[in-house]
Amino acid sequence: PPSFQAKLLRAIQEGEIRRLGENRPIHVDVRIIAATNQDLKVAIEEKRFRQDLYYRLNVARFVLPPLRERREDIPLLAEHFLHKYRRMMRRQAELGDGVLDFLQGYPFPGNVRELENLVEQGVALSVDGTLSLDDVVPPELRSESGSVPVPPRSLQEVVDRAEREAIQAVLRDVEGNKERAAEMLGLSSTTLWRKMKRLEVVWPEP
């Protein structure tokens, strides 16, 4: 809320806070890491977020692409969550056949939290220590016939080809300037780099 934004801004600028009900300030030396999934520039225009606080927080900015744009991270994250919930639930569990293929083809609208939820559910439901697709994939992700949906690989190939050709065309137009290419494509430099790596876009072109 705006009232808290003002207090946070004051704490950052003055390096001190006041405990609730006290008048004596306490000096603090902290680093602040802030994260959001909102467009703060829009929030500023709509008077929902203070512009001065935005510039105080936006000193070193990092953009983390959604999971669907960094599928190479899925196996490592899945293994991390497997280890986490094996320890918490004191159960043996490994990914069964086809599970990782499904996870790498799934679009993950719920991002990393959804992946964690699927793995947690799988560990909880597994019977023989092997997470099957039935353990990991909830009913709402299944087709009407009750089968596990097959990742749309052919469609993905079409999308990948279109993205690859678009990136190559823009790189040619800007003579390989990746920052300008990212701006023209409406992407961050990090996202463009990841896409080029995933789609095997090479510049200069061979």
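As a reminder, the structure under discussion sits directly above these lines.
Here goes a summary of the coordinates provided. (Residues numbered from 1 in each chain as written. Predicted model: local features only at pLDDT ≥ 70, side-chain atom pairs only at ≥ 80, totals over all residues. Heavy atoms only, no water.)

1. Considering the overall build of the protein
Rule in force here: Think of it this way: any DSSP run of H or I at least four residues long counts as a helix, any run of E at least two long counts as a strand, and we number them from the N terminus. Relative accessibility under 20% of the residue-type maximum defines a buried residue, over 50% an exposed one, and the middle range a partly exposed one, all with a 1.4 Å probe and only protein chains included. Only heavy atoms enter the contact rule, under which two residues are in contact if any of them lie within 4.5 Å. Working definition of accessibility: Shrake-Rupley area with a 1.4 Å probe, residue cover restricted to the visible protein chains.
Looking only at helices and strands, the protein has 10 helices and 4 strands in total. Relative to its full complement of 206 residues, the protein shows a buried share of 30%. Taking the contacts inside the protein whose residues are at least 6 apart along the sequence as the reference set, 59% of them involve residues at least 24 apart. Accessible surface, the protein: about 14,700 Å² in total, of which carbon and sulfur atoms supply 51%.

2. Concerning the packing of aromatic side chains
To describe a pair of aromatic rings, you give the distance between the ring centres and the angle between the ring planes. Test applied: Centre distance within 6.5 Å is the pairing criterion for rings of Phe, Tyr and Trp, where only the six-membered ring of Trp is used; planes under 30 degrees apart are then read as stacked, over 60 as edge-to-face, and the remainder as tilted.
Taken as a whole and judged by the stated rule, the model has 3 aromatic pairs. Ring plane angle 20 degrees and centroid distance 5.6 Å describe the contact between Phe102 and Tyr106, whose orientation is recorded as stacked. By the burial criterion, Phe102 is buried, and Tyr106 matches it. Pairing Tyr106 with Phe108 gives two aromatic rings, centres 4.8 Å apart and planes at 80 degrees, and the pair type is edge-to-face. One aromatic cluster is present, built from ring pairs that chain together Phe102, Tyr106 and Phe108.

3. Side note on unusual backbone geometry
One non-glycine residue with positive phi stands out, namely Asn111, at about 60 degrees. Residue placement: Asn111 occurs in helix α6 (residues 111-125). Unlike most non-glycine residues, Glu175 shows phi in positive territory, near 55 degrees. Secondary-structure assignment places Glu175 in the loop between α8 (153-173) and α9 (178-185). Accessibility expressed as a relative area gives 71% for Glu175, which makes it exposed.

4. Some words on helix α4 (residues 74-89)
Our working definition: A helix is expected to span 1.5 Å multiplied by its residue count minus one.
Taking 1.5 Å per residue, 16 residues should reach 22 Å; α4 reaches 22 Å between its end C-alpha atoms and fits that length. Residues of α4 that are buried make contact with β3 (94-95), α5 (99-105), α6 and β4 (130-131). Positive phi shows up at Arg90, right after α4, with a value of about 55 degrees.

5. As for the packing of α9 against helix α10 (residues 189-198)
Here is the rule: All axes are obtained by fitting lines to C-alpha atoms, using only the stretch in contact for helices, and the reported angles, taken between N-to-C directions, cover 0 to 180 degrees. Just so you know how the angles are binned, under 35 degrees is roughly parallel, over 145 roughly antiparallel, 65 to 115 roughly perpendicular, and the rest oblique. Here the nonpolar group is Ala, Val, Leu, Ile, Met, Phe, Trp, Tyr, Cys and Pro; Asp, Glu, Lys and Arg are the charged ones; every other residue, Gly included, is treated as polar.
Where α9 contacts α10, the axes come no closer than 9 Å and their chain directions differ by 95 degrees. One way to sum up the angle between α9 and α10 is to call them roughly perpendicular. Contacts from Lys178, Glu179, Ala181, Ala182 and Leu185 of α9 reach α10 at Ser189, Leu192 and Met196. Across the contact of α9 with α10, the residue classes break down as 5 nonpolar, 1 polar and 2 charged.

6. Some words on the pattern of salt bridges
Spelled out, the test is: The term salt bridge refers to a pairing of a side-chain nitrogen on Lys or Arg with a carboxyl oxygen on Asp or Glu at a separation within 4 Å.
Considering all chains together, one arrives at 9 salt bridges under this definition. Across the salt bridge formed by Arg48 and Glu46, the nearest N and O atoms sit 2.8 Å from each other. Asp73 serves as the salt-bridge partner of Arg70, at 3.1 Å between the closest nitrogen and oxygen. The structure contains a network of salt bridges with shared partners spanning Glu79, Arg86 and Glu94.

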